[in-house]
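The residues making up each chain are set out below.
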Amino acid sequence: MLRRTTIPACWIGSVVKLEKKAEIRVDREPVEMAPDLLLDVRNLGLTFPSGLKAVNDISLTVSPGETLGVVGESGSGKTTMGRCLLRVYDAQEGVINFRRADGSVVDVRTAQGEDLRSVRREIRMIFQDPVGSLNPRKTVADIIAEPLKLARLAKGKELDERVAALMEQVGLDPAWRERYPHAFSGGQRQRIGSARAIAVKPRLIIADEATSALDVSLRSQMLDLMMKLQDEMGLSYIFISP
Ligand SMILES: Nc1ncnc2c1ncn2[C@@H]1O[C@H](COP(=O)(O)OP(=O)(O)OP(=O)(O)O)[C@@H](O)[C@H]1O
Ligand SMILES: [Mg+2]
């Protein structure tokens, strides 16, 4: 199974395969999260208004610092599942237990208010399509600063310093902060997107490779950066691969 994917096998803790057809249902266990887990998804289900059941009874777990691979053919619901975990979509069924930095557990599927806001800081997305995901009318500094401003984590001089530190962390020269995304190469734009994703110190990052038509060297640079950030920040990844 792993041979078909683009993820280096040595990096992946385990792999979940999504199937288009309904899987055999496992017995539902009581929803109590093991203390050593970061994320515990049970029996997740999402049906679109069209009636299509795009996510069908998915269960998976992620430990702190682990990289989980998610594979499956086109249309098997990988991207939709990722969007449920980020609460872009509201799944109708299941539990998405997430352990926050303070140790408390939140069900992301039903979280509201400050619980939901905190989860949105701790679970972020890295887009593999750096062109489509960066606002062309904003400077790199503004793009990276935006999540910090939204979360009211920094302002003024402190914000400027955080942006510069983030640029350095992802291998970008802070002197380029006032440039616009079009002035950067594809690989550099991915670094901008990564800096934006880690700005609010998340603990879980979802990387969806769906739209990537990256050449091999760009892809391996991106993986190197993701592994470096994992080491530095203790990140967990859910790595979605065609
Ligand atoms: N917003 C939406 N409304 C209705 N149907 C959708 C929506 N988004 C996706 N779908 C359908 O849900 C199913 C799962 O799509 P999804 O994009 O999650 O698959 P995927 O596994 O990510 O595929 P790929 O490998 O091509 O990226 C597909 O049949 C798709 O057409
Ligand atoms: Mg997809």
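Residues numbered from 1 in each chain as written. Chains lettered and ligands numbered in written order. Predicted model: local features only at pLDDT ≥ 70, side-chain atom pairs only at ≥ 80, totals over all residues.

Caption draft 1: Summary view of the overall build of the protein chain. Looking only at helices and strands, the protein chain features seven helices and nine strands. A total of 242 residues make up the protein chain; the buried ones form 36% of that total. The contacts of the protein chain with a sequence gap of at least 6 include a subset with a gap of at least 24, amounting to 70%. (Helix = DSSP H or I, 4+ residues; strand = E, 2+ residues; numbered from the N terminus. Buried ≥ 20, exposed ≤ 12 C-beta atoms within 10 Å, placed from the backbone. Contact = placed C-beta atoms within 7 Å.)

Caption draft 2: Region of the structure containing the environment of Val105. Inspection of the secondary structure puts Val105 in strand β6 (residues 105-107). Taking the C-alpha atoms as reference points, Val105 and Asp115, ten residues apart in sequence, are found 9.8 Å from one another. Each residue touching Val105, except ones within four places of it in the same chain, is listed here: Met33, Asn97, Phe98 and Arg99.

Caption draft 3: Representation of the nonpolar core within the structure. Membership of the largest hydrophobic core comes to 53 residues, with the highest contact counts inside it found for Ile144, Ala195 and Ile238. Non-local contacts of Ile144, meaning those with residues more than four positions away in its chain, are made with Val163, Leu166, Met167, Ile192, Ala195, Arg196 and Ala199. (Core = buried A, V, L, I, M, F, W, Y, C linked by C-beta atoms within 7 Å.)

Caption draft 4: Here's a closer look at unusual backbone geometry. Even without glycine at this site, Asn43 takes up a positive phi of about 50°. Checked against the element boundaries, Asn43 lands in strand β2 (residues 39-47). Note on Asn43: 17 C-beta atoms within 10 Å, which makes it partly exposed. At Lys201, a position not held by glycine, the phi torsion is positive, near 50°. Summarising the element assignment, Lys201 is placed in the loop between α6 (186-198) and β8 (204-208). We classify Lys201 as partly exposed; it has 14 C-beta atoms within 10 Å.

Caption draft 5: Representation of the pairing of β2 within the structure. When β2 meets strand β3 (residues 53-62), the two strands line up antiparallel, connected through six bridges. Bridging from a neighbouring strand, Val41 pairs with Leu60 of β3. Hairpin connection between β2 and β3: a loop of five residues separates the two successive antiparallel strands, and Gly51 in this loop has a positive phi of roughly 100°. (Pairing = 2+ DSSP bridges.)

Caption draft 6: Representation of the packing of α6 against helix α7 (residues 216-233) within the structure. One can describe the packing of α6 onto α7 by two numbers: an axis separation of 10 Å at closest approach and a directional angle of 25°. Considering the angle they form, α6 stands roughly parallel to α7. α7 is crossed by α6, and the crossing has right-handed handedness. The segment α6 lies against α7, with Gly186, Gly187, Gln190, Arg191, Ser194 and Ile198 engaging Leu218, Gln221, Met222, Leu225, Leu229 and Met233. (Axes fitted to C-alpha atoms, helices over the stretch in contact; angles between N-to-C directions. Parallel < 35°, antiparallel > 145°, perpendicular 65-115°, else oblique. Left-handed = near helix turned anticlockwise from the far one by under 90°.)

Caption draft 7: Region of the structure containing the sheet that holds β6. Strands sit in the order β3-β2-β5-β6 across an open sheet of four strands; the sheet is antiparallel. The strands lining the two open edges of the sheet, one partner per strand, are β3 and β6. Within this sheet the neighbouring strands show an average axis-to-axis angle of 20°, counted without direction.

Caption draft 8: Focus on helix α5 (residues 156-169). Between its first and last C-alpha atoms α5 spans 20 Å; for 14 residues at 1.5 Å apiece the expected length is 20 Å, and the two agree. Residues Val163, Leu166 and Met167 constitute the buried set of α5. Seen along its axis, α5 keeps its buried residues to an arc of 100°; they face one direction. Residues of α5 that are exposed and angled more than 90 degrees away from the buried face: Lys157, Glu158, Glu161, Ala165 and Glu168. Buried residues belonging to α5 abut α4 (140-150) and α6. Looking at the residues trailing α5, positive phi occurs at Gly171, about 85°. (Expected span 1.5 Å × (residues − 1). Arc of directions from axis to C-beta.)

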